[in-house]
Amino acid sequence: MARIEFQGVGHAYSAHPAQPSDYALQPMNMVWEDGGAYALLGPSGCGKSTLLNIISGLLSPSHGQVLFDGKAMNHILPRDRNIAQVFQFPVLYDTMSVFDNLAFPLRNRKVGEKEVRHRVHEIAEMLGMTGQLRQRAAGMPADAKQKISLGRGLVRKDVGAILFDEPLTVIDPHLKWQLRHQLKQIHQQLRLTLIYVTHDQTEALTFADEVVVMTDGKIVQQGGPDALFARPGHTFVGYFIGSPGMNFFPITLAVDDAVEISGQRLAVGAATMAALRAANGKLCLGIRPEFVALAEPGAPGALLADITAVQYLGVCTLLTGAIAGLPVKAKVDSGIRVSAGRHWLRLVRPETIFFCNDERILL
Amino acid sequence: MNGANRLPRAMMLAAYVAFTMIPLYWMVNTSLKTNEEITSVFSLWPRALTWSNYHTIFTDPSWYSGYLNSMLYVAMNTVFSLLVALPAAYGFSRYRFLGDKHMFFWLLTNRMTPPAVFLLPFFQLYSTVGLMDTHLAVALSHMLFNVPLAVWILEGFMSGISSEIDETAYIDGFSFPHFFIRIFLPLIKAGVGVTAFFCFMFSWVELLLARTLTSVNAKPIGAIMTRTVSASGMDWGTLAAAGVLTLLPGMLVIWFVRNHVAKGFAMGRV
Amino acid sequence: MSKPYNNKAWFFILPVFACVAFSAILPLMTVVNYSVQDIISPTKSVFVGLEWFRQTMRDSELHDALLRQVIFSLCVLLLQIPLGVALALAMPSKGWKSSAALVILSMPLLIPWNVVGTIWQIFGRADIGLGGHTLSALGVAYNYTASPIDAWLTVLLMDVWHWTPLVALLGFAGLRSIPDAYYQAAQIDGAGRWAVFRYIQLPKMRGVLTIAVLLRFMDSFMIYTEPFVVTGGGPGNSTTFLSQYLTQKAVGQFDLGPAAAFSLIYFLIILLFCFVLYSWMQSAGSGSKSAVETPP
């Protein structure tokens, strides 16, 4: 079991980093609770693989301390940490059978053959691969190979955390859900700490109890899927999560205490108005397409939009258009029949979030 | 892939580099001495440094013509081999056809022919068509082993380019020559470079066929050097100088393709 | 990528086919022709069937040359393959040191073969050579013109010097194609240096090593120029390998018939060995290529 802690951990490749952009991973404090299932979500290059490699010990961080159950780990080799890692493409020892692949980490640690056989069979059963133990690993399909990679991690009794670096990349789409399901089962059974790196939000949101969203080397928010969806703390989270992502409208405060979007007035509540006035910086209104609703002409909190495309998606209807030149998308109930043209859309709703300098304003 | 064993590896590499360089250094050393010094005194560097050996080679046409001849037929061979191998490699990489696997293997077998086997037939063949003692003859005869190698390497590179590019160009209305020259070739430029390098290499170093098919006009530098060996009184100094000069084209070529060599070996057929 | 079947592809192949046919089939036909004729004079020849083949197979000098050749080629493989692999492992993977190592190591490959012989002549002679002279100074009686053992050692050392870089370059390319993740996984699995070599590097280098063995066997079996320049085949015929023997017979003695017969047998030996190796390479290759493993 492993409780992993980051104390000011950061990584820069150059010797004297001066500004945030010099860091691949900006110094951060973070706790990964024992037995938790975490997803590291973010676009390519955001630092998630760097973070993962720091945990596994393949990379030594230039700043800060990594602690496993309170013990300092910065200079401990990967083989001596109780972690396992599954990579983007299956990493196998081609010349060996499935059995020998699974046995490899144990044999390297001089575990007795009886114990090896016992553990390998145990894990093979968990993965549903008992019948294939004698086959050559090289000839198997990609999803079986990834299971073997995973198995090599599980086979060691001392493993406390398993790290996944976008492991389903080479798996066929229809097999992905199967593997994800198996991973969840294993998590429930073994209660290991699982940290799963991905750029696919569906994967992250279905797999993890807690999603950590990263961009540009820093963590912008962590929380459960519902928290990220309904209460994004950062415009990036709003934009990245959800399909399509959040609508954003830059807002300005008019002299007479009104909120304006591209010159059009918008009514907001008094508390909101006070918070906006107190805020110092670039203001922005965010609302998810799911919460944008059709409104009566002139209704409070609504603006006139030019809808250019209407797509019936089965579960909902997607409207695409623009409000005063700014793009907008709305998802409305599929029962509602709408045609392209000018419609009023309500933007100010309970689910609306206001941002100042990309950070959420708490109301 | 780093770790504790960097030192033994570095030492091994250094030892091998020394092993490679020492005979070369000795040849350079010998080339800068007079024959008298070579045969009388044993010295690690020339006591009386002389450029006379190089001077001989640069001024005596029977010497420098050898270099010019060699470079000419090697260049011709590289160009011909590429011209002929490019379409063939394309055919092998994009299509299956009757006898394709056999054809490919047959091509490779030509790389495996001992030149000695074809010595006499080549002699007669090229005499019959009146090409004896021409650069063209040597260039053509070297195609025997260079073309299969060129096809082999180029096919490997071409297979790495998705055929969707061909299809897109076809749909876009490009004629085949336009597609091949303007679109396809730039994509495999590393492969063309590597192939040219190998054609150059194997043609430049080959002596048996080159010597057999030439007598006066197209005599390669290698033949001239062996002539020195059998002449009376070993002219070691000039021989060494000639040898040093043959290193230069090779070194230049490696320098230019150094970035592509490893990539090329890897991508072609391995 | 599945390839469409189209016999029109032959148009692409035609130039190559024409060239190689001209360079290979015509001469081959000539050789076959000679091998079954007794050429008494340029205008008179008698068909003798398989007589030359029978004679060649009985020729004891040929047997000796063949034995020498096989021993030579085996020694070459035993020396150059491990050494080349060791070099490939020792070479730095990136940076200016990598380029420098590649350039220096490639140099022997680009030297005309007769110059290779010349270099070793100049190096090995006791009177003018650094190698020869140093050995005599150390008290070793070294003379490659007089002692067959010394001649063999010299020729072998020269071949190692000349061709090991090819094995090293091929091995280096093979190593570069191994993704980092394999080494990372090995670190996590606790694999030691030898296990990494045995289970990751060597299997992944199988393709390039097969090519290296193929090329080195073929080329060493055909070797002519380098030993000829250094030892001339001597002392006696102790370093006369197959190509030289054949050339002597064909050009020196002008025994065209037997020479042609021998040529064909020579060619067939190489062909057979390479066909076996090539087929093995194909079948071994297809076993491990069943799933897409290379990262994007």
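**Some remarks on the overall build of chain B**
If you tally the helices and strands in chain B, you get 13 helices and zero strands. In terms of its C-alpha atoms, chain B occupies a principal-axis envelope of roughly 75 × 65 × 30 Å. Put simply, chain B has 270 residues, and 47% of those count as buried. Sequence-distant contacts in chain B: of pairs separated by 6 or more residues, those separated by 24 or more amount to 80%.

**What to know about the overall build of chain A**
For chain A, the helix and strand inventory stands at nine helices and 22 strands. If you line up chain A on its principal axes, its C-alpha atoms span 80 × 50 × 30 Å. When the 363 residues of chain A are sorted by exposure, 42% land in the buried category. If you take every contact in chain A between residues at least 6 apart in sequence, the share linking residues at least 24 apart comes to 67%.

**Section: the packing of helix α4 (residues 61-94) of chain B against helix α10 (residues 189-205) of chain B**
All names here are of chain B. Two numbers describe how α4 lies on α10: the axes approach to 9 Å, and their chain directions differ by 140 degrees. Our classification of the angle between α4 and α10 gives oblique. With respect to the hand of their crossing, α4 and α10 are arranged in right-handed fashion. Residues Ser70, Val74, Asn77, Thr78, Ser81 and Leu82 of α4 lie in contact with α10, whose contacting residues are Val192, Thr195, Ala196, Cys199, Phe200, Ser203 and Trp204.

**Examining the sheet that holds strand β12 (residues 252-253) of chain A**
Residue and element names in this part refer to chain A. Read across the open sheet, the three strands follow the order β12-β13-β14; overall the sheet is antiparallel. On the outer flanks of this sheet lie β12 and β14 (264-266), each paired with one strand and no other. Where strand β13 (residues 259-261) meets β14, three bridges bridge the pair, whose relative direction is antiparallel. Across the sheet, Ile261 pairs through a bridge with Gln264, a residue of β14.

**Looking at the domain arrangement of chain A**
Residues and elements named next belong to chain A. Each assigned domain of chain A is listed here: domain 1 (4-239) and domain 2 (244-360). Between the C-alpha centres of domain 1 and domain 2 there is a distance of 39 Å. Between domain 1 and domain 2, the contact holds seven residues from the first and 11 residues from the second. Of all the elements, helix α8 (residues 235-240) adds the most residues to the side of domain 1 that touches domain 2, at three residues. Here the side of domain 1 that touches domain 2 is built from residues that sort into three nonpolar, four polar and no charged.

**Let's talk about the interface of chain A and chain C**
By convention, interface size is frequently given as the accessible area that disappears when the constituent parts associate. Taken together, the contact between chain A and chain C spans 26 residues of the former and 20 residues of the latter. Within the residue set of the side of chain A that touches chain C, elements represented by two or more residues are β6 (83-86), α2 (98-108) and α4 (142-154) of chain A. Considering only residue class, the side of chain A that touches chain C consists of 15 nonpolar, six polar and five charged.

**Focus: the packing of helix α3 (residues 113-127) of chain A against α4(A)**
Residue and element names in this part refer to chain A. Two elements in contact, α3 and α4, have axes whose closest approach is 10 Å; the angle formed by their N-to-C orientations is 135 degrees. Comparing their axes, α4 and α3 come out oblique. Both α3 and α4 take part in a crossing whose hand is right-handed. Contacts between α3 and α4 involve Ile123, Ala124 and Leu127 on the former and, on the latter, Lys147, Gly151 and Leu154. Its residues assigned to classes, the contact of α3 with α4 shows four nonpolar, one polar and one charged.

**Some details on the pairing of strand β18 (residues 316-323) of chain A**
If a strand is regular, its side chains alternate between the two faces of the sheet. Residue and element names in this part refer to chain A. Inspection of the sheet shows strand β17 (residues 302-312) paired to β18 by six bridges, in the antiparallel sense. Its bridge partner lying in β18, Asp306 is registered against Ala322. Examined bridge by bridge, β18 and strand β19 (residues 326-333) share eight bridges and lie antiparallel to one another. Paired with Gly321 across the strands is Val328, a residue of β19.

**Some thoughts on the sheet that holds strand β3 (residues 37-41) of chain A**
All names here are of chain A. Ordered by their spatial adjacency, six strands build an open sheet running β6-β7-β8-β3-β9-β10, and the pairing between neighbours is mixed. The sheet is open, and its two borders are formed by β6 and β10 (218-223), each paired with just one other strand. Along the sheet, successive strands turn relative to each other by an average axial angle of 20 degrees, direction set aside. Sheet topology note: the strand β9 (residues 210-215)/β10 ladder contains five bridges and is antiparallel. Looking across to β10, one finds that Val212 is bridged to Gln222.

**As for the interface of chain B and chain C**
Counting residues at the interface gives 79 residues for chain B and 81 residues for chain C. If one sorts the elements of the side of chain B that touches chain C by residue count, helix α13 (residues 236-267) of chain B sits on top with 16 residues. Each residue belonging to the side of chain B that touches chain C can be placed in one class, and the counts come to 58 nonpolar, 17 polar and four charged.

**Remarks on the arrangement of the chains**
Ranking the two pairs of chains in contact by contact count places chains B and C at the top. For the non-touching pair chain A and chain B, the nearest C-alpha separation works out to 11 Å.

**Quick word on the environment of Ala65(C)**
Residue and element names in this part refer to chain C. Mapped onto the fold, Ala65 is located in helix α3 (residues 60-90). For Ala65 and Phe241, which are 176 residues apart along the polypeptide, the C-alpha to C-alpha distance reads 5.3 Å. For Ala65, the residues in contact, after removing those within four places along its chain, are Thr240, Phe241, Leu242 and Tyr245.

**Concerning the nonpolar core**
Counting residues in hydrophobic clusters, the biggest one holds 121 residues, and the most contacted among them are Ala85(B), Ala88(B), Ala89(B), Val147(B), Val151(B), Leu154(B) and Val16(C). Sorting elements by how many residues they give to this core places helix α7 (residues 135-159) of chain B first, with 16 residues. Setting aside anything within four residues of it in sequence, one finds Leu154(B) in contact with Ala85(B), Leu86(B), Ala89(B), Gly191(B) and Thr195(B). Counting 81 residues, the second largest nonpolar core, distinct from the first, contains Ile4(A), Leu192(A), Phe207(A) and Met214(A).

**Side note on the pairing of β9(A)**
Residue and element names in this part refer to chain A. With respect to burial, β9 is a largely interior element, five of its six residues being buried. Note that β3 and β9 share four bridges and pair parallel. Each bridged residue has a counterpart across the sheet, and for Tyr38 the counterpart in β9 is Glu210. Hairpin connection from β9 to β10: two residues lie between these consecutive antiparallel strands, with Asp216 at a positive phi of about 50 degrees.

Criteria and cut-off values
Residues numbered from 1 in each chain as written. Chains lettered and ligands numbered in written order. Predicted model: local features only at pLDDT ≥ 70, side-chain atom pairs only at ≥ 80, totals over all residues. Helix = DSSP H or I, 4+ residues; strand = E, 2+ residues; numbered from the N terminus. Buried ≥ 20, exposed ≤ 12 C-beta atoms within 10 Å, placed from the backbone. Contact = placed C-beta atoms within 7 Å. Axes fitted to C-alpha atoms, helices over the stretch in contact; angles between N-to-C directions. Parallel < 35°, antiparallel > 145°, perpendicular 65-115°, else oblique. Left-handed = near helix turned anticlockwise from the far one by under 90°. Pairing = 2+ DSSP bridges. Domains from an automatic or database assignment. Nonpolar A, V, L, I, M, F, W, Y, C, P; charged D, E, K, R; others polar. Core = buried A, V, L, I, M, F, W, Y, C linked by C-beta atoms within 7 Å.

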